[in-house]
Amino acid sequence: MRAKRFLRSFPMKLWIILAAIVAITFFSNDFGLVDIQKTAIILAAGIDRTADGFSLTAQIAVPKGSDRTTGGTSSVEIEGQGATVSDCISAIYAKTGWVPKLVFCDLVLLGEEAARANAFDALDFFLRNEYAPDSCLLAVCEGTAAETLKATSAIDDASSLALEKLFSDAAKKSGRVMTTTLREFAIGYYGRSASGYMPYVRMSSQSGAQGGSGGQNAAGGQGAAGGQSGQEMIFSAEQTAVFSQGRMTDVLTEAETFAFSLLKGNVYGGTLPSDGITLAVLRNDGSVSLAEEPTLQATLSVDLKVRLAGRDAPSSLENVAKDSVTEEELAAAESALRGAIGSLWERCAQSECDLFNLRRTLYRRSAAAYGTWKPLSQIGTEIRVRIEGLR
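Just so we're clear, the structure is a prediction, and the values are computed from it rather than from any experiment.

Parameters and conventions
- Residues numbered from 1 in each chain as written.
- Predicted model: local features only at pLDDT ≥ 70, side-chain atom pairs only at ≥ 80, totals over all residues.
- Heavy atoms only, no water.
- Pairing = 2+ DSSP bridges.
- Helix = DSSP H or I, 4+ residues; strand = E, 2+ residues; numbered from the N terminus.
- Axes fitted to C-alpha atoms, helices over the stretch in contact; angles between N-to-C directions.
- Contact = heavy atoms within 4.5 Å.
- Core = buried A, V, L, I, M, F, W, Y, C linked by side-chain atoms within 4.5 Å.
- Buried < 20%, exposed > 50% of the residue type's maximum accessible area, 1.4 Å probe, protein only.
- Domains from an automatic or database assignment.
- Parallel < 35°, antiparallel > 145°, perpendicular 65-115°, else oblique.
- Nonpolar A, V, L, I, M, F, W, Y, C, P; charged D, E, K, R; others polar.
- Salt bridge = Lys/Arg side-chain N within 4 Å of Asp/Glu carboxyl O.
- Right-handed = clockwise from strand over helix to strand, strands pointing away.
- Patch = residues over 30% accessible without salt bridge, like charges linked within 9 Å, V, L, I, M, F, W, Y side chains within 5 Å.
- Areas by Shrake-Rupley, 256 points an atom, 1.4 Å probe, with all protein chains shown as cover.

K.L.:
Can you walk me through the sheet that holds strand β11 (residues 277-291) in this structure?
P.N.:
In a beta sheet, neighbouring strands pair by backbone hydrogen bonds and run either parallel or antiparallel. Spatially, β10-β11-β12-β13 is the arrangement adopted by the 4 strands of the open sheet, whose pairing is mixed. On the outer flanks of this sheet lie β10 (271-273) and β13 (380-389), each paired with one strand and no other. Neighbour-to-neighbour, the strand axes of the sheet open up by a mean angle of 40°, direction not taken into account. With 10 bridges joining them, strand β12 (residues 297-311) and β13 adopt parallel strand pairing. The partner of Val 306 across the bridge, within β13, is Gly 389. Against the sheet, helix α11 (residues 327-351) touches β10, β11, β12 and β13, its axis set at about 150° to β13.

Laid out in structure tokens, this is it:
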């Protein structure tokens, strides 16, 4: 009651003055925020192994002009080296004077050597950093991450933005790319299965449509604007790197990657190439189960509903109208897919990469049964593939 009386007795003019003070304070104070001119907004981070530790290549966003001809965002790559990834970030700060900001870092790219040693030696910093999002995408690249991030992309101004296009939801639903985030990879690394995967990035060159090699700078070196002899690069990520105990053990082929995606049940609009035809996937049901009796046995199942998307030779008008696939063609597609699934399992068994989290499943189900776990190569497997055509 006393509080209500006090508020009622408070003059209206004082309320207005108080509101004005709060508004002026809010809109005029930066509350300790770093000036944008002093901030390095990191779009992507590439990590490579060195003799003394790590080398981190940060791709930093550099705004262009605001007019139509020069608008957009370009990037610059700055390298820092140190015993840890944190030391590399500090080195970039010392070189540029910009405060590195990881809140917009949506991609962490590992060089092949860094991935084969132990991926989490490099990723530990990003997992601990409260400003680095655990939803950032992870990928491995052929060669070094520095070369990949510094490449001139034919798709986008910044190579990291071109790479992120490969990892879109549409690409994932096609079954051609298996994406993962820092959070998902960490769960697999620290879990019972101690396994994981990342898309494996390769790049190929094509001649630039415009311009040529960059002009020579004052030191006689080649200008960066022209890239490598005026060539623009195209990225692909249809292969998948698999990890066991944090180390990259193998790289799945495109067919094995697609089979992996089908087993996960991720495909909603992909195509399945077969002998002389291409089938469009309308429905994808995939699963991997583990039976304990009489011995441990994994069952890998894929159930597809497809329609004909195209043939490698002209068809009759009646065949085009019916849009039908023969039983022989469906059987050939089932055989090819069964072979890809078998090859996928063999690769995982050879490197003890538990991609399907069978160890975790068994541990949650029965501690006693988990004690009887055998190497993947000694676990029985059954592959079930069923492909149904559109009626």
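There's plenty left to go through after this.
K.L.:
It is not clear to me how the nonpolar core should be interpreted in this structure. Could you clarify?
P.N.:
One broad trend across soluble globular proteins is that nonpolar side chains are buried collectively. In this structure, Leu 304, Leu 337, Leu 355, Phe 356 and Ile 387 are the most contacted members of the largest nonpolar core, which totals 43 residues. Elements supplying a minimum of two residues to this core: α9 (254-264), β11, β12, α11, α12 (358-365) and β13. Here this core takes 9 residues from α11, the largest share from any one element. The residues that make up this core include at least three from each of domain 1 (36-252) and domain 2 (254-389). The residues touching Leu 355, leaving out its near neighbours within four places in the chain, are Ser 195, Gly 196, Tyr 197, Val 242, Leu 252, Phe 260, Lys 264, Leu 344 and Cys 348. Residues Phe 54, Ala 58, Ala 115 and Met 248 belong to the second largest nonpolar core, which totals 37 residues.

K.L.:
Looking at this structure, I do not really get the packing of helix α3 (residues 85-96) against helix α4 (residues 112-128). What am I missing?
P.N.:
When two helices pack together, their arrangement is captured by the angle between the axes and the distance separating the axes. Between α3 and α4, the least distance of the axes is 8 Å, while the angle of their chain directions is 65°. Taken together, the axis directions place α3 and α4 in an arrangement best described as roughly perpendicular. For the pair formed by α3 and α4, the contact residues are Val 85, Ser 86 and Ile 89 on the first element and Ala 122, Phe 125 and Phe 126 on the second. Considering only residue class, the contact of α3 with α4 consists of 5 nonpolar, 1 polar and no charged.

K.L.:
Help me understand the pattern of salt bridges in this model?
P.N.:
Pairing between side chains of opposite charge can happen when the charged atoms of each approach one another. Counted by the stated rule, this structure contains 16 salt bridges. Between Glu 79 and Lys 150 there is a salt bridge, with the nearest N and O atoms lying 2.4 Å from each other. Of the two residues, Glu 79 sits in strand β3 (residues 73-82) while Lys 150 sits in helix α5 (residues 145-150), which places them 71 residues apart along the sequence. Residue class for Lys 150 comes out partly exposed when judged on its relative accessible area of 42%. For the salt bridge of Arg 347 with Asp 250, the shortest nitrogen-to-oxygen distance reads 2.9 Å. Separated by 97 residues along the polypeptide, Arg 347 in helix α11 and Asp 250 in strand β9 (residues 247-252) bring together distant segments of the chain.

K.L.:
Would you mind going over the pairing of strand β6 (residues 137-141) with me for this structure?
P.N.:
For a regular strand, the rule is simple: side chains alternate between the two faces of the sheet. Counted residue by residue, β6 has 5 buried out of 5 residues, so it is predominantly covered. Along β6, one buried face is formed by Leu 137, Ala 139 and Cys 141 and the opposite face, lined by Leu 138 and Val 140, is buried too. For strand β5 (residues 107-110) and β6, the ladder comprises 4 bridges, and the chain directions are parallel. Pairing of Leu 109 across the sheet is with Ala 139, part of β6. Tracing the backbone out of β5, into α4 and back to the parallel element β6 gives a crossover that is right-handed.

K.L.:
Explanation requested: the side chain of Ser 261 in the structure shown.
P.N.:
As for its position among the elements, Ser 261 is in helix α9. A relative accessible area of 0% means that Ser 261 is categorised as buried. In contact with Ser 261, other than residues within four places in its own chain, are Lys 172, Gly 175, Met 178, Asn 266, Val 267 and Asn 284.

K.L.:
Can you walk me through a nonpolar patch on the surface in this structure?
P.N.:
Taken together, the side chains of Met 12, Trp 15, Ile 16, Leu 18 and Val 22 make up a nonpolar region of the molecular surface, amounting to roughly 510 Å² of accessible area. Since its relative accessible area comes to 41%, Leu 18 is described here as partly exposed.

K.L.:
Would you take a moment to explain the side chain of Thr 180 for this structure?
P.N.:
Position of Thr 180 relative to the elements: it lies in the loop between α7 (169-173) and α8 (182-190). The class for Thr 180 is buried, based on a relative accessible area of 3%. Ignoring sequence-local partners within four residues, the contact set of Thr 180 consists of Cys 136, Leu 137, Leu 138, Phe 185, Tyr 197, Met 198 and Pro 199.

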